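Below are the chains, spelled out letter by letter.
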Amino acid sequence: GDTQDNTLKNDKELWGAPSRIIAAWGDTEFMSYHGDNRSSSSVRLFADPSFSTSESEALLDMLEKHSDGYFDVVNDAFEIPA
């Protein structure tokens, strides 16, 4: 491996961060700078495939089952300046 390779960690549990991934591609057979052909995201590589809800729904479900309680802090009256 090179200095950019990282060890894959078990990211199944919701209190841990998902794995960050990056991708780049091109239209030629030669290796070169990718320009705008790039993407990045976060995924749970070790997620339970039988668990089909979104991550936010899974977190709320876990909080309801395992915590003493939780609450949302929101500000509905805040206007985002344009």
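As shown above, the structure is provided for reference.
The structure reproduced in this document is the subject of the present report. If you're wondering where the values come from, they're calculated on a predicted model, not measured in any experiment.

**Focus on the overall build of the protein**
Right, on to step 1. Counting its regular elements, the protein contains one helix and two strands.
Right, on to step 2. Ordered by position from N to C terminus, the α and β elements of the protein give β-β-α.
Right, on to step 3. Expected size for 82 residues packed as a compact globule is a radius of gyration near 12 Å; at 19 Å, the protein overshoots this value by more than 25%.
Right, on to step 4. Every one of the 82 residues in the protein was classed for burial, and the buried ones make up 6%.
Right, on to step 5. By sequence separation, contacts in the protein at least 24 residues apart represent 46% of the contacts at least 6 residues apart.
Right, on to step 6. Within the structure as shown, the protein displays about 8,000 Å² of accessible surface, and the carbon and sulfur contribution to it stands at 53%.
Right, on to step 7. For the protein, the distance from the average position of its 6 positive side-chain charges to the average position of its 16 negative side-chain charges is 6 Å.

**Notes on a nonpolar patch on the surface**
Right, on to step 1. A contiguous nonpolar patch, built from Leu 8, Leu 45 and Phe 46 and spanning about 300 Å² of accessible area, is present on the exposed surface.
Right, on to step 2. Residue position: Phe 46 is located in the loop between strand E2 (38-43) and helix H1 (55-66).
Right, on to step 3. With a relative accessible area of 38%, Phe 46 lands in the partly exposed category.

**Some details on the environment of Asp 76**
Right, on to step 1. When you line up the elements, Asp 76 lands in the segment after H1.
Right, on to step 2. Note: C-alpha distance between Asp 76 and Phe 30 (46 residues apart in sequence) is 51 Å.

**Re the environment of Val 74**
Right, on to step 1. Tracing the backbone shows Val 74 in the segment after H1.
Right, on to step 2. A residue is classified by how much of its surface remains accessible, and Val 74, at 61% relative accessible area, is exposed.
Right, on to step 3. For the pair Val 74 and Arg 44, spaced 30 residues apart in sequence, the C-alpha separation works out to 27 Å.

**Description of the side chain of Ser 19**
Right, on to step 1. With respect to the secondary-structure elements, Ser 19 resides in strand E1 (residues 19-24).
Right, on to step 2. In this structure the side chain of Ser 19 is engaged in a polar contact, spanning 2.8 Å, whose partner is the side chain of Asp 11.
Right, on to step 3. Sequence-distant contacts of Ser 19, defined by excluding residues within four places in its chain, comprise Lys 9, Asp 11, Ser 41, Ser 42, Val 43 and Leu 45.

Procedures and definitions
Residues numbered from 1 in each chain as written. Predicted model: local features only at pLDDT ≥ 70, side-chain atom pairs only at ≥ 80, totals over all residues. Heavy atoms only, no water. Helix = DSSP H or I, 4+ residues; strand = E, 2+ residues; numbered from the N terminus. Rg over C-alpha atoms; globule rule 2.2 N^0.38 Å. Buried < 20%, exposed > 50% of the residue type's maximum accessible area, 1.4 Å probe, protein only. Contact = heavy atoms within 4.5 Å. Areas by Shrake-Rupley, 256 points an atom, 1.4 Å probe, with all protein chains shown as cover. Lys, Arg positive; Asp, Glu negative; His and termini not counted. Charge placed at Lys NZ, Arg CZ, Asp CG, Glu CD. Patch = residues over 30% accessible without salt bridge, like charges linked within 9 Å, V, L, I, M, F, W, Y side chains within 5 Å. Salt bridge = Lys/Arg side-chain N within 4 Å of Asp/Glu carboxyl O. Polar contact = N/O pair within 3.5 Å; in protein donor to acceptor, adjacent residues only side chain to side chain.

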